[in-house]
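Chain residues, written in single-letter form:
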Amino acid sequence: MPLTGVRFEEYDRIRQWVTEYQPLGPIDAARIDDLFVANILFDEQNRLYNNQKRRPIFIIGRRGSGKTAFLKHTSDKGEYDIVISADMARLFDEIILSIDGIIKNNGYIFVEKIAEMWEAVFYASISKEIALLDKGDQSKFKGFVQRIGADANLGGDGFINRVVGLIAKKSPDKDASLLAEIVLEIFGKKDISELKRQVCDYVAENNIKAIILIDTLEQYDGSIKNFPEAISGLVKASNGFNNSRSKPEIRFCIPTERYEYFRDSASNVAKDFANNLMLHWHVTEILSIIAHRILIHLHLYDWDDSRIRERYSDFDFRDKKKLKWFFSTIMPQTIVNRVGHEEPTLSYIMRHTQMLPRQAIQIFESIILSNQQSGRHITEISDTAIIDGISNIEDTLWRDVCNAYKYKFNWIQEAAEAAIADLPVEFSDSELHILYNEKGFKKSGIEYNVFKKSLLEVGCIGLKIRDGEIYTESIFEYSLPGIIMPRRDSKFTLHPMFCGGFKTLQLQEAGIKRVILPHGASPDSRDNR
């Protein structure tokens with residue numbers, strides 16, 4: 001149970017975050033600044049979290065897939081003696097300026113030298129944290145801290161900023177020395193390998209666990225001069241961590257929306273991205289997260305009710321059958337959808353997501369709030385509340401998906417709006433091409449294949465697989481490890497999240513009963529990861 005072992009007086013801390021108007025807690029893990037509450041809300045009962053035990057360097061996932069939650073839980077759980085959250089905005093500015101200075105001076109720069117810049121700053125920051133520990137011989141590391149005049153209480157980010165600030169002061173034009181060499185001079189070292197060896201020896205001898213966390217780089221503009229080189233060096237430097245139990249670790253979040261850019265910036269794709277964790281969720285794992293949070297809400301506000309306590313006290317949401325039973329106790333098992341056809345309720349809800357935890361939390365929260373407005377309890381969710389809750393949130397959801405891709409496809413929202421307005425739910429390649437021509441995308445200089453790729457990549461459109469009794473099953477790119485490569489005769493469908501009430505009206509007028517079921521959206525789907 002989610003609150004097993006939690007003292008009653010600690011319930012009020014959780015109630016600050018799980019409220020009447022936020023019944024499932026915050027959708028964004030970064031907003032939770034209470035470590036205790038963050039750990040309570042985090043659901044560890046999934047395959048993806050268990051895969052963190054193999055110490056991946058890169059966590060790759062779409063916006064809303066849980067990258068920040070995974071990183072934050074790693075930081076908050078207390079498994080590491082040293083945790084450093086790198087201030088990437090400041091570091092990127094400094095690295096890019098350094099690269100520019102070296103290129104101006106030498107005419108070129110090797111990726112190995114850029115990797116040294118990153119390594120020097122990361123190992124310098126770990127050295128500072130070692131100086132604050134009470135284990136082994138720290139004299140060398142304390143000398144480092146004193147040499148740059150850093151306060152002993154200065155945090156990891158603050159220390160990195162102090163080092164970077166000294167570098168900027170010492171070499172303002174960045175045309176004479178490598179950033180790495182300046183760091184080494186500050187630390188009194190001959191080369192980066194000496195600094196790394198001393199840190200790794202100390203970590204191994206004293207059984208210290210150290211990790212550097214790099215949160216998602218969603219907002220960086222890849223067109224900035226020397227940014228690709230900075231990324232290439234960062235990726236190469238990151239691969240020097242995690243390959244031995246006696247070395248510090250690094251955990252680096254990469255948004256799927258920008259992964260292609262990171263991949264193309266790498267010097268050796270197969271080698272550089274070999275140790276990664278792709279956040280592809282199975283539907284039951286997402287439903288487990290929702291059940292976990294609903295149970296927390298019941299514990300906080302309804303556990304005095306003996307009927308609720310007796311019904312859910314032994315519930316194990318890791319069991320798929322029990323998970324389906326849980327939802328059957330709080331909402332109808334089937335629902336008449338907006339085109340008048342009956343279907344399983346959980347399939348109806350989950351086919352309006354792209355298998356992202358954040359989207360599911362937003363949808364269920366919207367359903368629960370809609371249910372509250374009619375005066376009903378969270379364990380008595382009506383079919384009307386489900387229909388209305390999804391209707392109220394789906395426009396926000398698909399626009400948020402498009403927003404995550406705006407740096408890659410700056411026309412994507414206009415393309416999605418055109419598809420929603422003018423395409424049928426099921427359509428051919430030629431119909432999509434006509435839309436491309438008529439809506440002016442060709443005149444804008446966008447190639448048709450790039451236009452089609454953008455709609456496939458964001459999950460606005462997918463490939464039709466087969467027709468069933470009540471569903472047309474389709475596959476969308478977000479559910480695949482690779483990309484969709486359609487044939488000329490392929491049939492496409494719109495994703496239910498992008499259809500909304502407008503397309504529902506079209507289906508009703510046409511008398512069509514079959515609706516789109518994205519592959520993997522049913523709780524009975526096999527786990528093919």
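Residues numbered from 1 in each chain as written. Predicted model: local features only at pLDDT ≥ 70, side-chain atom pairs only at ≥ 80, totals over all residues. Heavy atoms only, no water.

Trainee: Honestly, the overall build of the chain in this entry has me stumped. Any pointers?
Mentor: Regarding its fold elements, the chain presents 23 helices and 12 strands. Within the chain, buried positions represent 56% of all 529 residues. Relative to all contacts within the chain whose residues are 6 or more apart in sequence, the contacts with residues 24 or more apart total 73%. On the chain, roughly 23300 Å² of surface is accessible, and the fraction owed to carbon and sulfur atoms is 47%. (Helix = DSSP H or I, 4+ residues; strand = E, 2+ residues; numbered from the N terminus. Buried < 20%, exposed > 50% of the residue type's maximum accessible area, 1.4 Å probe, protein only. Contact = heavy atoms within 4.5 Å. Areas by Shrake-Rupley, 256 points an atom, 1.4 Å probe, with all protein chains shown as cover.)

Trainee: What should I look at first to understand the confidence of the model for the chain in this one?
Mentor: Caution applies to low-pLDDT parts of the model: their predicted coordinates are not meant to be read in detail. Mean pLDDT over the chain: 83, with 85% of residues reaching 70 or higher. In this model residues 171-178 is a low-confidence stretch, pLDDT under 50, and it forms 15 contacts with partners more than four residues away in sequence or in other chains. (pLDDT = per-residue confidence, 0-100.)

Trainee: What am I meant to see in the side chain of Thr-284 here?
Mentor: Positionally, Thr-284 belongs in helix 14 (residues 283-301). Taking relative accessible area as the criterion, Thr-284 reaches 15% and is therefore assigned buried. Polar contacts involving the side chain of Thr-284 include one to the side chain of His-282, which spans 2.8 Å. Apart from residues no more than four positions distant in its own chain, Thr-284 is found in contact with Lys-320, Leu-323 and Pro-523. (Polar contact = N/O pair within 3.5 Å; in protein donor to acceptor, adjacent residues only side chain to side chain.)

Trainee: What am I meant to see in the nonpolar core here?
Mentor: In summary, soluble globular proteins display a tendency toward joint burial of nonpolar side chains. In terms of nonpolar packing, the biggest core is built from 97 residues, with Phe-327 and Phe-451 touching the most fellow members. With 10 residues, the top contributor of residues to this core is helix 19 (residues 383-404). Residues Leu-91, Ala-230, Tyr-259 and Ala-266 belong to the second largest nonpolar core, which totals 48 residues. (Core = buried A, V, L, I, M, F, W, Y, C linked by side-chain atoms within 4.5 Å.)

Trainee: Explanation requested: the sheet that holds strand 1 (residues 58-61) in the structure shown.
Mentor: The strands making up a sheet associate through backbone hydrogen bonding, with each pair oriented either parallel or antiparallel. The parallel open sheet is built from 5 strands, whose spatial order is 2-3-4-1-5. The open sheet terminates on both sides in strands that have one partner only, identified here as strand 2 (82-85) and strand 5 (276-278). Pairwise comparison of adjacent strand axes, ignoring direction, gives a mean angle of 20° for this sheet. Taken together, the 4 bridges between strand 1 and strand 4 (residues 249-255) define a ladder with parallel strand orientation. Bridge assignment links Phe-58 to a residue of strand 4, and that residue is Phe-252. Against the sheet, helix 11 (residues 227-238) makes contact with strand 1, strand 3 (210-214) and strand 4, and its axis sits at roughly 140° relative to strand 4, the strand it touches most. Relative to the sheet, helix 12 (residues 256-265) contacts strand 1 and strand 4, its axis offset from that of strand 4 by approximately 110°. (Pairing = 2+ DSSP bridges. Axes fitted to C-alpha atoms, helices over the stretch in contact; angles between N-to-C directions.)

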